[in-house]
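# Working through the structure, step by step
If you want the building blocks of each chain, they are given just below.
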Amino acid sequence: MTSDGHPRVVSDGGACSITIHPADRPVDVMRAWASLPDGVGFAEAFGDVDVTLVFRPVGELVPSREWDGWLPVAG
């Protein structure tokens, strides 16, 4: 969380995370989400009240034969 109380993106190597608190406004969560770097996808979530969303490089989430810069679309 930033000093103004809004969620922020924390980057560690290739992974990124956003921690969302119950008092966070949806617009602040969307701003944090929009600031994620290109090429990351949702990997996992932790928490039940304060929720941390973890994002990893898409190449780590999708087998390399499926990754060509675009996420596969479920049919």
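Counting restarts for each chain: residues are numbered from 1 in the order of the written sequence. In view of the model being predicted, local features appear only for residues whose pLDDT reaches at least 70, and side-chain atom pairs are presented and counted only at 80 or more, with totals across whole chains, interfaces and linings using the full set of residues. Side-chain descriptors were evaluated using all non-hydrogen atoms of the structure, hydrogens and water having been removed beforehand.

## A look at the overall build of the chain
For clarity, the threshold we go by: Segments assigned H or I by DSSP are reported as helices when at least four residues long, segments assigned E as strands when at least two residues long, and all are numbered from the N terminus. In what follows, a contact means two residues having at least one pair of non-hydrogen atoms within 4.5 Å. Surface accessibility in these figures is a Shrake-Rupley result with a 1.4 Å probe; residues are shielded only by whichever protein chains are displayed.
When you go through the chain residue by residue, the secondary structure sums to two helices and four strands. When the helices and strands of the chain are listed from N to C terminus, the series reads β-β-α-β-β-α. Sequence separation of at least 24 residues holds for 32% of the intrachain contacts in the chain that already meet a minimum separation of 6. A total accessible area of about 5200 Å² is found for the chain, and carbon and sulfur atoms account for 56% of it.

## What about the side chain of Asp24?
Applicable threshold: Burial here depends on accessible area, computed with a 1.4 Å probe over protein chains only, as a share of the maximum for the residue type. Under 20% is buried, over 50% is exposed, and the range in between is partly exposed. We count Lys and Arg on the positive side and Asp and Glu on the negative side, and we leave His and both chain ends out. For this document, the term salt bridge refers to a Lys or Arg side-chain nitrogen within 4 Å of an Asp or Glu carboxyl oxygen. The term polar contact refers here to a pair of N or O atoms within 3.5 Å; inside protein, the definition further demands a hydrogen-donor-capable atom paired with an acceptor-capable atom, and it admits residues adjacent in sequence only when both atoms are side-chain atoms.
You can see Asp24 is positioned in the loop between β2 (15-20) and α1 (26-34). For the buried Asp24, no salt bridge is present, and the opposite-charge side chain at shortest range is Arg25, 8.0 Å distant. In this structure the side chain of Asp24 is engaged in a polar contact, spanning 2.7 Å, whose partner is the backbone nitrogen of His21.

## Here we look at the sheet that holds strand β3 (residues 40-46)
Paired through backbone hydrogen bonds, the strands of a sheet run either parallel or antiparallel to each other. We apply this condition: A strand pair is defined by DSSP finding two or more bridges across the two strands. Axis geometry follows a simple rule: fit a line to the C-alpha atoms, using only the stretch in contact for helices, then measure angles between N-to-C directions, giving values from 0 to 180 degrees.
One open sheet accounts for four strands, arranged β1-β2-β4-β3; its pairing is antiparallel. The sheet terminates laterally at β1 (9-12) and β3, the two strands that pair on one side only. Neighbour-to-neighbour, the strand axes of this sheet turn through a mean angle of 25°, independent of strand direction. Taken together, the six bridges between β3 and strand β4 (residues 51-57) define a ladder with antiparallel strand orientation. When the bridges of β4 are listed, Phe46 appears paired with Thr52. Together, β1, β2 and β4 form the strand contacts of α1, whose direction differs from that of β2 by roughly 175°.

## Observations regarding the pattern of salt bridges
A full pass over the atoms with the stated rule returns three salt bridges. Ionic pairing is found between Arg31 and Asp28, a salt bridge with its closest N-O pair at 3.5 Å. Highlighted residues: Arg31 and Asp28, both in helix α1, separated by three residues, approximately one helical turn. Under the relative-accessibility criterion, Asp28 is labelled buried at 6%.

## Some details on the pairing of β4
Sheet topology places β2 next to β4; five bridges connect them, and they run antiparallel. Of the residues in β4, the one forming a bridge with Thr19 is Thr52. Counting the residues that bridge the hairpin from β3 to β4 gives four residues, and of these Gly47 lies at a positive phi of roughly 105°.

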